[in-house]
Amino acid sequence: MFYQSRSRRPLIDHAKGVYMWDVDGKRYIDASSGAMVSNIGHSDPRVIAAMNEQLEKASFAYRLHFENDAAETLAYRLSERAPGDLERVFFVSGGSEAIESCIKLARQYALAIGQAQRSKIISRFPSYHGSTLGALAITGYTPMHAPFAPMMVDQPKIPAPTCYLDHDDLTYHERGLKYANMLEAEILKQGPETVLGFIMEPVGGAATGALVAPDSYYRRIREICDQYGILLIYDEVMTGAGRTGKYFAAEHWGITPDILAVSKGLAAGYAPLGAMIAPDRIVGPVLDHGGFIHGYTYAGNPIACAAGNAVLDVIEEDNLLDNAAQSGAALKTELGKLANDFSMIGDVRGLGLLLAVELVKNRETMEPFDAKHMAAARLVDIAYDKGLIIYWRRTRGGYRGDHVMVCPPMTITPDQFNDIMDPLRAALGELQDELTL
Ligand code: PLP
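As the structure is a computational prediction, the values presented were derived from the model and not from experiment.

**Q** Can you help me understand the sheet that holds strand 13 (residues 388-389) in this one?
**A** Within a sheet, adjacent strands bond to each other through the backbone by hydrogen bonds, running parallel or antiparallel. Spatially, 4 strands are ordered 1-2-3-13 in an open sheet, and the strand pairing comes out mixed. In this open sheet, the two strands that pair with only one neighbour each are strand 1 (12-16) and strand 13. The sheet contact formed by strand 1 and strand 2 (residues 19-22) spans 4 bridges and is antiparallel. Opposite H14, over in strand 2, you have W21 as the bridge partner.

**Q** I would appreciate a short explanation of helix 2 (residues 45-57) in the present structure.
**A** Residues that lie three or four places apart on an α-helix share one face, since the helix turns once every 3.6 residues. Taking 1.5 Å of rise per residue, the 13 residues of helix 2 would be expected to cover 18 Å, and the 18 Å separating its terminal C-alpha atoms lies within 8% of that figure. All of the buried residues in helix 2 are V47, A50, M51 and Q54. Down the axis of helix 2, the buried set is contained in an arc of 95°. They therefore lie on one face. Exposed side chains of helix 2 directed beyond 90 degrees from the buried face belong to P45, A49, N52, E53 and E56.

**Q** Would you explain the site of the ligand in this entry?
**A** For the ligand, the set of nearby residues contains 15 residues, the closest of which are G94, G95, S96, G130 and V237. The element contributing the most residues to the shell around the ligand is helix 4 (residues 95-112), with 3 residues. Per-class residue counts for the shell around the ligand are 6 nonpolar, 7 polar and 2 charged.

**Q** Help me out: how do you make sense of the packing of helix 2 against helix 10 (residues 302-317) in this one?
**A** Two numbers describe a pair of packed helices, the interaxial angle and the distance between the axes. Relative to each other, helix 2 and helix 10 sit at 150°, their axes nearing to 8 Å. By the angle between their axes, helix 2 is roughly antiparallel relative to helix 10. Seen along the crossing, helix 2 lies across helix 10 with a hand that is right-handed. Where helix 2 abuts helix 10, its residues R46, V47, A50, M51, Q54 and L55 lie against P302, I303, A306, A307, N309, A310, V311, D313 and V314. Counted by class, the contact of helix 2 with helix 10 contains 11 nonpolar, 2 polar and 2 charged residues.

**Q** For this particular structure, what's the right way to read the domain arrangement of the chain?
**A** You'll often see interface size given as the accessible area lost when the parts meet. Split into domains, the chain comes out as domain 1 (12-44 + 319-436) and domain 2 (47-317). For domain 1 and domain 2, the distance between their C-alpha centres works out to 26 Å. Taken together, the contact between domain 1 and domain 2 spans 33 residues of the former and 33 residues of the latter. Elements with a minimum of two residues in the side of domain 1 that touches domain 2: helix 1 (33-36), helix 11 (320-341), strand 11 (345-351), strand 12 (354-359) and strand 15 (402-406). It is helix 11 that contributes the most residues to the side of domain 1 that touches domain 2, 5 residues altogether. Partitioned by chemical class, the residues of the side of domain 1 that touches domain 2 number 18 nonpolar, 10 polar and 5 charged.

**Q** Is there a simple way to think about the sheet that holds strand 7 (residues 195-200) in this case?
**A** If you trace the 7 strands from one edge of the open sheet to the other, you get 4-10-9-8-7-5-6, paired in mixed fashion. The sheet is open, and its two borders are formed by strand 4 (86-92) and strand 6 (157-159), each paired with just one other strand. Taken pair by pair, the neighbouring strands of this sheet meet at an average axis angle of 25°, ignoring direction. The pairing of strand 7 with strand 8 (residues 231-236) spans 4 bridges and is classified as parallel. From the neighbouring strand, G197 faces strand 8, where its bridge partner is L231. With respect to the sheet, helix 3 (residues 69-81) is in contact with strand 4 and strand 10 (274-279), its orientation differing from that of strand 4 by roughly 140°. Along the sheet, helix 4 makes contact with strand 4, strand 5 (120-125), strand 7, strand 8, strand 9 (259-262) and strand 10, crossing strand 10 at roughly 25°.

What counts, and where the lines are drawn
- Residues numbered from 1 in each chain as written.
- Predicted model: local features only at pLDDT ≥ 70, side-chain atom pairs only at ≥ 80, totals over all residues.
- Pairing = 2+ DSSP bridges.
- Helix = DSSP H or I, 4+ residues; strand = E, 2+ residues; numbered from the N terminus.
- Expected span 1.5 Å × (residues − 1).
- Buried ≥ 20, exposed ≤ 12 C-beta atoms within 10 Å, placed from the backbone.
- Arc of directions from axis to C-beta.
- Near = placed C-beta within 6 Å.
- Nonpolar A, V, L, I, M, F, W, Y, C, P; charged D, E, K, R; others polar.
- Axes fitted to C-alpha atoms, helices over the stretch in contact; angles between N-to-C directions.
- Parallel < 35°, antiparallel > 145°, perpendicular 65-115°, else oblique.
- Left-handed = near helix turned anticlockwise from the far one by under 90°.
- Contact = placed C-beta atoms within 7 Å.
- Domains from an automatic or database assignment.

Here it is as structure tokens:
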């Protein structure tokens, strides 16, 4: 196997709910839902039954030969849930494919309406939008670009709204406007007639560590995109499918983006699945101008879509959106208390169950640890040994500072918090000792 991890992990044996067991019988609590994927927990029998049922009926039906009911139904249900006029659903098998589809739809729309000069997609730094070359070009993470620089079109970036790091006299609201107005400045710098879109995660994922912007940011970004005729693309690959306590994070601010990508939680790890959702006002002209020149063999795969439907059933039946909101708020409070005991806790942030803890050398100045310590990576490794799975981002090369994502499945209940908080406290204690030696 082409194995990329630096430290080899044990073999998985089985997983149930929020827990996972390796082949030696050691139990772990999955407090990151894998990579913020397993939103409804592991091995839910309702999803397994739905997938089996579909497998027995038809395991695969190629989209040019047959429509399939699982995909049709899921598309309909997603269009019902998607904000505003977003109603046309294009299935893919993951986040990068969803983002790639957004880029290509935006570009073909510009061509269809006679605006061929629009080709630039502005994004934020830092950010992560995927590993395929198109998605990578709009990803704000320099080390991932380096090997491919000669093969990629460099796309413009503006700073992510890291208001919590700012030392100025502005109110929180004004800081939101300050960061949003950077988009306008970049559009003017690039030439508005050349800009196709702006892409952002409504709540930052692993790149920024669950970064939430002031409300003013979201509204002003929408205004600017409207003013310059630029498509607003929401990357909800991580935030979508309920993780923030609403099915789509866009709902928190009542914003309707022009195109939206969703993946991870959509089939919640039971199958690879993603989707791009766009309005007819964008899809229609593209279809009328020779069709959407893009697609994947596994698009609308019946098994993946059966999983997607069953995951949505579980979210609805078990009220998991409410649980994500409530358990998320309660867990954030618990994480916040860590700051009383550990001066290295610089910030605890996030929305619903998309939460992150930032580690800093100096809480007053928010000075980060020296990259050589790999503080977040060390914390993750120490926690892992204690049976706690959290998600990390390496400090070295590109992102600022250290943060760990604490994002358990949306099924988590407060009586399970100790299984997260006890090993996390112990791990922080050990890390503190290591860093002060
Ligand atoms: N967009 C965001 C916000 C992500 O977090 C990710 C993956 O972490 C992607 C896109 C890419 O998704 P995938 O790894 O499924 O291709």
